[in-house]
Amino acid sequence: MKRLALLLAITLSVPVAASRAADIQLPPTRTVTLPNGARLILAEKREVPLISFSAYLQGGALTDPEGKEGLAALTAEMLRKGAGKRSAQQIAYELDTSGAVLGMGAGVEVTWISGEFLARDEGLMVDLLRNMLRNPTFPDSEFVKLKQQSIDALKSEKDDPNNLLTEYGTAFAMAGHPYANPVEGDEKTLERITREDVLAAYRAHYGGDRLILSIVGDFEPKRMEGVLRRAFGDWARAPGTRPVAPAPARARGKRVLLVDKPDATQTYFWIGNLGISRKDPDRDAVDIANTALGGRYTSFLNTALRIQSGLTYGARSRTLRLIEPGPVAITSYTKTESTQRAIDLAVETLERFRKTGLDSLTMTSVQNYLSGLHPTNYETSDQIASILAGLAHIGLPVTEITEYTGRLLALDSAKVHTVLRRVYPAREDLAFVLIGNASEIRPVAKRYGEVIEIRFDQPLIDTVSRAAKTR
Amino acid sequence: MPKRGQPGAEIVARTFKNGLKVIVWPDHDIPNVALYTWYRVGSRNEAPGITGISHFFEHMMFNGSKQFPPGEFDRVMEAAGGANNAWTSQDVTVYTDWFARSALEIVVRMEADRICCLSFDSTSVESERGVVSSERRTAVDNSARDFLEETVYATAFVAHPYQIPIIGWPSDIERWEIADLQSYFRTYYAPNNATMLFVGDVTPAQIFTLAEKHLEPIPAQPRPAPVRTVEPPQTGERRVVVRRPSPVPLLQMAFHAGPAGGPEAEAEDLLETILTSGESSRLYRRMVDRDQVAVGVGSYLQRGFDPGLLLVYVTVSPDRGAAAAESSLVDELARIAREGVTEAELSKAKTMHHAAYWRALKTIDGKAEALGSYEVFRGDYKKLFTAPERYGKVTAKAVQEAARRIFDERNRTVGLLIPEEAAEASSGGAPGGGKK
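Residues numbered from 1 in each chain as written. Chains lettered and ligands numbered in written order. Predicted model: local features only at pLDDT ≥ 70, side-chain atom pairs only at ≥ 80, totals over all residues. Heavy atoms only, no water.

A. Representation of the sheet that holds strand β4 (residues 82–88) of chain B within the structure. Residues and elements named next belong to chain B. The mixed open sheet is built from 6 strands, whose spatial order is β1-β2-β6-β3-β5-β4. Among the strands making up the open sheet, the edge pair consists of β1 (12–15) and β4. Across the sheet, the mean angle separating the axes of adjacent strands is 15° when strand polarity is ignored. Pairing of β4 with strand β5 (residues 93–100) involves 7 bridges; the strand directions are antiparallel. Among the inter-strand pairings, Asn84 is bridged to a residue of β5, identified as Asp97. (Pairing = 2+ DSSP bridges. Helix = DSSP H or I, 4+ residues; strand = E, 2+ residues; numbered from the N terminus. Axes fitted to C-alpha atoms, helices over the stretch in contact; angles between N-to-C directions.)

This is the structure:
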């Protein structure tokens, strides 16, 4: 029952407290590239006897063949279902008896495994990770079970449109581009995947040259480096070509995807277009702009849609940043009867933001907000392991984090205004996705552009891409 | 897993003249502070007509006080490098602030002002009703699992106010009056009904000086009336069926269990861990892995002032159906009550608890939450640091006794959600044009 932590009345003149925190310090890191191309990043952090790691395999869902979306995610989950001499049950038992945590999955551009172990279980950790990555057995019975569970899990997610709103928005706004495909696939694409597909995906896309492994915690770095060299130094390169997404283009014009969920008593909406890449030179200015627009509780959007009008429990904006630009979008929900009012208010807020930008009080507030809370993102070994692997994947230096506050404070509101006008789409160029009771909201949907209608109980990829193609 | 040094040795606590207890845990890893304020009030303190009012206060505490008009709490906090949130349970309402250390005094001033002098602006109240209604639609009405859980709670408890949904019944949300809010505020949001925890880059001396200046002058209020109702023992299985659109069938099975501070709490916690934590747990192996009757299985052991529920959640595999899932679950629960647990299983559960315990204390936020929970529900924050020892002493026999006591058919409430098509297919339907 959380009060949503997300928004800003700017007219009152309470003085802004000087809260400019110093830039953060990360533990010293050592990066090693092995002859096969594998990259190891080691950082010693000894407050508690834990070791965290984050292993990225570059490729991720971009490697999914058309019609078999979800393959990379399923392959990743199969890694814990049998590896080396261990069965799925043995892996589960060893993890649970050692109190470790382990997770894996696919993202758009990387497959990941992350874990946290007691320092005393370092041997077990390296052995498990090595075997899961290099000797997975993909037992047929486990594959059959996991595939069915994944299909059923996708069906059950449709209980709540919040779970899938972003997937529908991205699929519609980026139709035709590989980023449009949901990493988990859909009920139909999962159905088509065979164990042979999983084996083929593993053989083509797992290998030393794809590996980025960051490890942070209670260990002696020199010795750990030796252990990891022995574990991964002779892992052959992946034979498949590492897929790279083409640069996507921003779509022009207004278009609407109406997703019918007849029992819904409220409308969930996504409004957006193409935004920026993770390496965009203006990314810090976009952090400021997005925080002001819809990235915190007092943001313009939450103020308009929640605080001042009570139309919703929450309204926000987000940017998805990958090697190439992903979407920038506004999301919220409101009861069926107020659909038009809430969407109009969201679009007007965006328009006003593009027109007037940020006043100096908001600018200072956002700078303080981001820099004040920045250290909390790098407090623990698992947070640091994850960010180090992510930076290495994108190709950004650690100074991205350690010099962030200084860069934020050097920006001014005029610069942010210029950047936001480039990044946030104008009202003439918006894609709208509305999930709700179509019989009630169809006339509202038509106000925002040409409408394509599909059903929420149908598989996502086929219906959205088919619908987008018929435009 | 021993943490280096003596955890918690640097904690200092002090109770002020007005009954407010303040606990400080200095931790200088990052230049930030976590402040948790726990009020001993939740849906357990409500009655028909005002259900959901505690949760509504969770929202109203951000809507203006004497020195800070509506909206200012959030605006000032964020501008000073902080963020906040809050949550309400059946037993407590907890307000959480995370901020840069430089914001300390302004945050304390704002917390003090809303305890002392909350305002009840009618425009804010009306707007917030809309927000809470939206929250209810999202969190309960448009979520099959939460909708079923609300019905299971209302069935498992016939007398005790744990039957009341935390967010409240829709008709009450629409009808609270400002007088209800004012009287509720005076009763429960008083310094003597609260505990504050500061964890982070601070010193006890610094906090106590600020507390003396801003918090201690706020007067205490008469102690709230205790909740007297005791839930009578359940004397037979209860079943409740919900029919509504849902992509898959759902099964929930609830059993009355003990309170947070009860003598069996550790044994019950370990029992729950053995049943559902990890892919080597009993219910995962039986229902998801072996019988394949469930897509997922999980549990929640309610830990409050009074005896609550142990609730097992099953996302049913649509191909196998709810009856197969129920029979598998009943059988496995009967087996653990009949045969008990192995030493290896118990040892595994203890290790998982131990690791989770230390993991929870990795951050200043986690420390504030854990410390507050022990202080409020166990009466002494120091019990946090003896928890590993208490869990270590639990025997296999004690876990089996807990299983026998809890998994008795007479103590069971079964909730089933059976999917049904939406009443009206709307594709191609006539344009509705919107209601009103």
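B. Focus on empty space enclosed by the protein. Residue and element names in this part refer to chain A. Looking at the largest cavity, its volume works out to about 90 Å³. Contributing to the lining of the largest cavity are 13 residues, with Gly60, Thr63, Thr111, His205 and Tyr206 lying nearest its centre. At the level of secondary structure, the elements contributing two or more residues to the lining of the largest cavity comprise β3 (50–58), α1 (71–78) and α7 (195–205). Sorting elements by how many residues they give to the lining of the largest cavity places α7 first, with 3 residues. (1 Å grid on protein atoms, 1.4 Å probe; cavity = no way out; pocket = protein on both sides within 12 Å on 5 of 7 lines; lining within 4 Å. Points joined across faces, edges and corners; volume = space filled by probe spheres on them.)

C. A look at the interface of chain B and chain A. Each side of the interface is counted separately: chain B has 85 residues, and chain A has 88 residues. Broken down residue by residue, the surface that chain B buries against chain A is led by Arg75, Glu78 and Asn142 of chain B, which jointly contribute 10%. Residue Arg296 of chain A is joined to Glu78 of chain B by a salt bridge in which the shortest nitrogen-to-oxygen separation is 3.3 Å. At the junction of chain B with chain A, the criterion picks out 24 residue pairs in polar contact (both at pLDDT 80 or more). Among the elements of the structure, α1 (53–60), α2 (72–79), β4, β5, α4 (122–141), α5 (144–156), α10 (282–290) and α12 (343–360) of chain B are those that each provide at least two residues to the side of chain B that touches chain A. Tallying contributions element by element places α4 of chain B first for the side of chain B that touches chain A, with 8 residues. Residue composition of the side of chain B that touches chain A, by class: 32 nonpolar, 31 polar and 22 charged. (Contact = heavy atoms within 4.5 Å. Buried area = accessible area lost by both parts, 1.4 Å probe. Salt bridge = Lys/Arg side-chain N within 4 Å of Asp/Glu carboxyl O. Polar contact = N/O pair within 3.5 Å; in protein donor to acceptor, adjacent residues only side chain to side chain. Nonpolar A, V, L, I, M, F, W, Y, C, P; charged D, E, K, R; others polar.)

D. Spotlight on the nonpolar core. Residue and element names in this part refer to chain B. Residues Trp38, Leu271, Met287, Val314, Leu329 and Phe407 are the most contacted members of the largest nonpolar core, which totals 67 residues. Tallying contributions element by element places helix α13 (residues 364–377) first for this core, with 7 residues. Listed in part, the 53 residues of the second largest apolar core include Ile167, Tyr189, Ala194 and Val202. (Core = buried A, V, L, I, M, F, W, Y, C linked by side-chain atoms within 4.5 Å. Buried < 20%, exposed > 50% of the residue type's maximum accessible area, 1.4 Å probe, protein only.)

E. Just the pattern of salt bridges, in detail. If you walk through the whole model with that rule in mind, you get 67 salt bridges over all chains. Taking the shortest distance from any N to any O, the salt bridge between Lys362 of chain B and Glu116 of chain A comes out at 2.9 Å. With one member in each of two chains, Lys362 of chain B in the loop between α12 and α13 and Glu116 of chain A in strand β7 (residues 110–118) form a pair that bridges those chains. This pair shows no difference in class: Lys362 of chain B is buried, exactly as Glu116 of chain A is.

F. Here's a closer look at the environment of Ser122 of chain B. With respect to the helices and strands, Ser122 of chain B occurs in helix α4. Here the alpha-carbon distance between Ser122 of chain B and Arg405 of chain B, two residues 283 residues apart in the chain, equals 49 Å.

G. Local environment of the sheet that holds strand β13 (residues 431–436) of chain A. Residues and elements named next belong to chain A. Strand order in the open sheet made by the 6 strands is β11-β12-β10-β13-β9-β14, with mixed pairing throughout. Pairing within the sheet leaves two strands with one partner each, and these edge strands are β11 (315–321) and β14 (450–455). Averaged over all pairs of adjacent strands, the angle between strand axes in this sheet comes to 20°, irrespective of strand direction. With 6 bridges joining them, strand β9 (residues 255–260) and β14 adopt parallel strand pairing. Its bridge partner lying in β14, Leu257 is registered against Ile452. Here helix α11 (residues 339–356) sits on the sheet and contacts β10 (266–274), β12 (325–335) and β13; the angle it forms with β10, its principal contact strand, is near 25°.

H. How the structure looks around unusual backbone geometry. Look at Phe138 of chain A: it is not a glycine, yet its phi comes out positive at around 45°. Inspection of the secondary structure puts Phe138 of chain A in the loop between α3 (122–134) and α4 (140–157). You can call Phe138 of chain A buried: its relative accessible area is 1%. For Gln292 of chain B, which is not a glycine, the phi torsion comes out positive at approximately 55°. As for its placement among the helices and strands, Gln292 of chain B is situated in the loop between α10 and β9 (294–301). For Gln292 of chain B, a relative accessible area of 34% corresponds to the partly exposed category.

I. Expanded view of helix α12 (residues 360–373) of chain A. Residue and element names in this part refer to chain A. The end-to-end C-alpha distance of α12, which contains 14 residues, comes to 20 Å, matching closely the 20 Å that a straight helix rising 1.5 Å per residue would cover. α12 sits mainly inside the fold: 11 of its 14 residues count as buried. By the burial criterion, the buried members of α12 are Thr362, Met363, Ser365, Val366, Gln367, Asn368, Tyr369, Leu370, Ser371, Gly372 and Leu373. N-cap assignment for α12: the residue whose side-chain oxygen lies 3.2 Å from the backbone N of Leu361 is Asp359. (Expected span 1.5 Å × (residues − 1).)

J. Looking closely at the side chain of Arg321 of chain A. All names here are of chain A. Here Arg321 shows up in strand β11. A distance of 2.8 Å separates polar atoms of two side chains, one belonging to Arg321 and the other to Asp287. Within the structure, Arg321 has its side chain in polar contact with the side chain of Thr319 (distance 2.8 Å). Apart from the residues lying within four places of it in its own chain, the contact partners of Arg321 are Ile276, Ser277, Arg278, Arg283, Val286 and Asp287.

Any link to function would need more than the numbers given here.
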